[in-house]
Structures are given as C-alpha cells and as structure tokens.
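Close look at the chain arrangement
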Amino acid sequence: VNSVKRFYVLLICLVIGLIAGGCTYDDNADELSIQNTTGEKILRPGDEPVRTEIKLYFRNNNYSEKDPESLPVIPVTRSFHQDELTARAVLAALISGPSAGEELQYGAGPVIDATDLQIEDVYIKNKICVIHLQSSHSLPLYNYDNQAGAHAETVLIQSLLHSLSGLPPVDAVWLFHNNSPWQGNTADWLCPLALPGSGVSYTLYFCMEKAPYHSRQGLDLLTPVQIKLISTGEEEIIDCHFSKIINLLSQDYDPALRAPLPQGIQVLAFTLADHLLLMDLAAPFTGSPEQACAFVGALVYTFTGLPEVDAVMVTVEGQTWESGGIVWAYPLSRDDLERGMNMSINRSGFSGY
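The structure displayed is predicted, hence computed values, not measured ones. (Residues numbered from 1 in each chain as written. Predicted model: local features only at pLDDT ≥ 70, side-chain atom pairs only at ≥ 80, totals over all residues. Heavy atoms only, no water.)

Some details on helix α4 (residues 149-164)
Going by this rule: Only DSSP runs of H or I with at least four residues qualify as helices, and only runs of E with at least two residues qualify as strands; both kinds are numbered from the N terminus onward. A helix is expected to span 1.5 Å multiplied by its residue count minus one. Note on classification: 1.4 Å probe, protein chains only; a residue is buried when its accessible area is under 20% of the maximum for its type, exposed when over 50%, partly exposed between these limits. Contact between two residues is taken to exist if any of their heavy atoms lie within 4.5 Å; hydrogens are not considered.
For α4, which comprises 16 residues, the first-to-last C-alpha distance of 23 Å matches the rise-based estimate of 22 Å (1.5 Å per residue) to within 8%. α4 sits mainly inside the fold: 12 of its 16 residues count as buried. Three or more residues of α4 are buried, namely His 151, Ala 152, Glu 153, Thr 154, Val 155, Leu 156, Ile 157, Ser 159, Leu 160, Leu 161, Ser 163 and Leu 164. For α4, the secondary structure elements touched by its buried residues are β3 (51-60), β4 (73-81), α2 (87-96), β7 (128-134) and β8 (172-177).

Pasting the structure below:
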C-alpha cells in the first residue's frame, strides 16, 4: 500500500512539474504568457503587429498616350508593419520594383534602375520628404526599349510624389542625386515638388515699417510671413517656387510689411549644391545701407528656412554683389547675419495669405 501511495505522490509531483515548466508568469503582465520549448513567446490572436496598407505607384506598362484615361503610373497596394512604414521603406520598395504577380495582375513595371543605386539619406522636415540618391548613372531612371526620355522622367516624378504623399506628414518631395537636386532632360527638381493642386508651405521675410520709407533709421525689422504655393507637379525653372518667392519678396505684402527686394528683380540662375543656394542676378541693386541689409537678410532668412539650404550667396552676372557699403563676397548663413550684421528679426508670430 505504501508503495502505491508513493507511486501516486511521485506521479502527481511529475505532472505538477511539467505544468510549471510549460507556463511562466510575467511579472509585467496581467495574465500567463505561454512559451514554447525554445523560450519564444507564442503570440495570442490580439498580439499580432498592426499592419497598414499604402499605395505604391509603379510604371503603367499599359499606358497609352492616345487614351485620355490612361495614366503613366498605376497604384499597387502593399501592406507594411505600422512601425516599419517609413519614407525610406517606401522608397526602397519603389526601387525594388513590383513583384512578378503585381506585374502580371496590374501591368505594373519598374520605375528606377536599381543598378549601382544607393539610398544615402531620406528624412522628413517641414512636411518635405528629402531624398538623397547616389549612383554612377546620369539619371536614376529605368530604361525601356522605345521609351521616350520625357516619359521616363514623368514616371519617376509621379511615382515618388504619389507614393510618398501617402505618408501622413508628407506634403512635398525633394529629390537629390549625387548631392544636387535631380535634373533630367525635360524636368528639374530644383525645389520641392508636390502633387498637382497641392501646396508647399514657405516662410518669407518682409520689412516691418515703423516710419515712412525715406526716413527709416537703423536696420529694417524683418518679420516672417507663412505662405503656401500651389504646385503643378512639374514646374519649369521660370515658374519654380524659388522664382515665385523672389517675385513675392519684390512686392509689398501689405501697407505694414514692405518688400525687401526691389521691383523688377530678375534671377538668371539658381544653383543648389552642398547646402549652398547661389542666385545670379541680371542687374545690380543700389540702395542705402538699410535697404542693403534688408535685401541680404530677407534672402538668407527665407531660403535657409528650407531643408538642405544652410547658406545663401548672390552674384550679379557672375560678379560679386555689392550695395550700400555691404559686399556679399562669400556665402552667408543665419548665424553669420546675427553675428556680423546684427540684424533684428521679429519672431513674435506668423501671418499668412
């Protein structure tokens, strides 16, 4: 009898030990967490990572220029883990191209030639998604037989704009290739681009008047004005946002906020490389020291508010800009102005159109 009792006691202990070995209690949880034999946690039905769907836009292999309803790019729905849905992940997916199934089902084709193409950096600032690509190619495009270069560039632009604008914080995209804004044969990404009809926000600096124009004393007081410029999706250089900003700064915003640039100012060329924006003007500007300070300050503060622009320099037909005793002989940043020119900036608030 005692032997039988001992057998049952040992059997009960063995069962209890097996149960205790198969379940563990997490001090940080409110309930038991089942683990497998390797110690990995087995997810319960409600523990699966949250997934988010987003539309990626690839080349439309069935595009017909003669069909008004046919579009150069076509959407394909992809699912991402919510914590992995980033601008870099979307860009990487576009570079990888559509799957064989997506190509067969939707007629989706590649957009970018991935050969020797590297993503150097992708970040979002002020609702602008900045992309830096590096490659030995002159253009990061996918080349098809009998495909016009202009169409390939349109596909690239529309693919990036439509795909990345699906991310909640992104209003515009700015593509850089080998450290400069990407420039194609028919398109130029000099400034941020948005979907047609969408806007890109900029902060412009105007002169705050406290005295009649000809009796001002000391430096002009610059004040920020936030505006939104509507995009066509493929701006020409003459109509790009940078040109529009120069035009706006050459006009009074209202009776209290005066233009810091002279009327009729004409920019021959914009060049952006290595975080330096260079503007070459068609004619010199002559004015008082106060007007010259306003001119320099407005341009530097306006354009350095953009990602990728750390300093600004202006030339006149390739020669050094000089006015009111100020010689603009080297690039100027905001810090340079505040240290060297002691410009007064009103940061009390924004007004807008």
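Concerning the sheet that holds strand β17 (residues 326-328)
The line we're drawing: One bridge is not enough; two strands pair if DSSP finds at least two bridges between them. In this analysis, axes come from line fits to C-alpha atoms, helices being fitted only over the stretch in contact, and the angle between any two N-to-C directions falls in the range 0 to 180 degrees.
Read across the open sheet, the five strands follow the order β13-β14-β15-β16-β17; overall the sheet is mixed. Among the strands making up the open sheet, the edge pair consists of β13 (267-273) and β17. Between one strand axis and the next, the sheet turns through 35° on average, direction left out of account. In the sheet, strand β15 (residues 311-316) pairs with strand β16 (residues 319-323) via two bridges, with the strands oriented antiparallel. Within the sheet, the bridge partner assigned to Thr 315 lies in β16 and is Thr 320.

What to know about the pattern of salt bridges
The test is simple: Salt bridges, as used here, are contacts in which a Lys or Arg side-chain nitrogen is within 4 Å of a carboxyl oxygen on Asp or Glu.
Using the criterion set out here, one finds three salt bridges in the structure. Close ionic contact of Arg 78 with Glu 102 constitutes a salt bridge, the shortest N to O distance being 2.7 Å. Placement of Arg 78 in strand β4 and of Glu 102 in helix α3 (residues 100-106) is noted, with a sequence separation of 24 residues between them. By relative accessible area, which is 10% here, Glu 102 ends up buried. Across the pair Asp 336 and Arg 339 runs a salt bridge whose closest N-O atoms are separated by 2.9 Å. Taken together, the residues Asp 336 and Arg 339, both in helix α7 (residues 334-341) and three residues apart, mark about one turn of the helix.

Quick notes on the nonpolar core
Let me state the cut-off plainly: Nonpolar core, defined: a set of buried Ala, Val, Leu, Ile, Met, Phe, Trp, Tyr and Cys residues in which side-chain atoms within 4.5 Å join the residues together.
Counting residues in each nonpolar core, the largest one holds 94 residues, and the members touching the most others are Phe 242, Phe 303, Trp 321 and Trp 328. The element best represented in this core is helix α6 (residues 289-303), accounting for nine residues. Excluding its chain neighbours within four sequence positions, the residues that come into contact with Trp 321 are Leu 281, Phe 285, Ala 292, Phe 295, Val 296, Val 314, Thr 315, Val 316, Ile 326, Val 327 and Trp 328.

Quick notes on the environment of Asp 336
The line we're drawing: Two N or O atoms form a polar contact when they lie within 3.5 Å of each other; inside protein one atom must be a possible hydrogen donor and the other a possible acceptor, and for residues adjacent in sequence the pair counts only when both atoms belong to side chains.
Residue Asp 336 is classed as partly exposed on the basis of its relative accessible area of 23%. Along the chain, Asp 336 and Ala 311 lie 25 residues apart, while their C-alpha atoms are 9.1 Å from each other. Here Ser 333 takes part through its backbone nitrogen, which lies 2.9 Å from a polar atom of the side chain of Asp 336. Among the polar contacts made by the side chain of Asp 336, one reaches the side chain of Arg 339 at a distance of 2.9 Å.

Some details on the sheet that holds strand β6 (residues 118-125)
Ordered by their spatial adjacency, four strands build an open sheet running β6-β7-β8-β9, and the pairing between neighbours is mixed. Lying at the two open borders of the sheet, with one neighbouring strand each, are β6 and β9 (180-181). Bridge count for β6 against β7 is seven bridges, and the pairing is antiparallel. The residue bridging Ile 124 from the neighbouring strand is Cys 129, located in β7. Relative to the sheet, α2 contacts β6 and β7, its axis offset from that of β6 by approximately 140°.

Considerations on the environment of Gly 264
Position of Gly 264 among the secondary structure elements: in the loop between β12 (257-258) and β13. The spatial distance from the C-alpha of Gly 264 to the C-alpha of Ser 250 is 7.3 Å, given a sequence separation of 14 residues.

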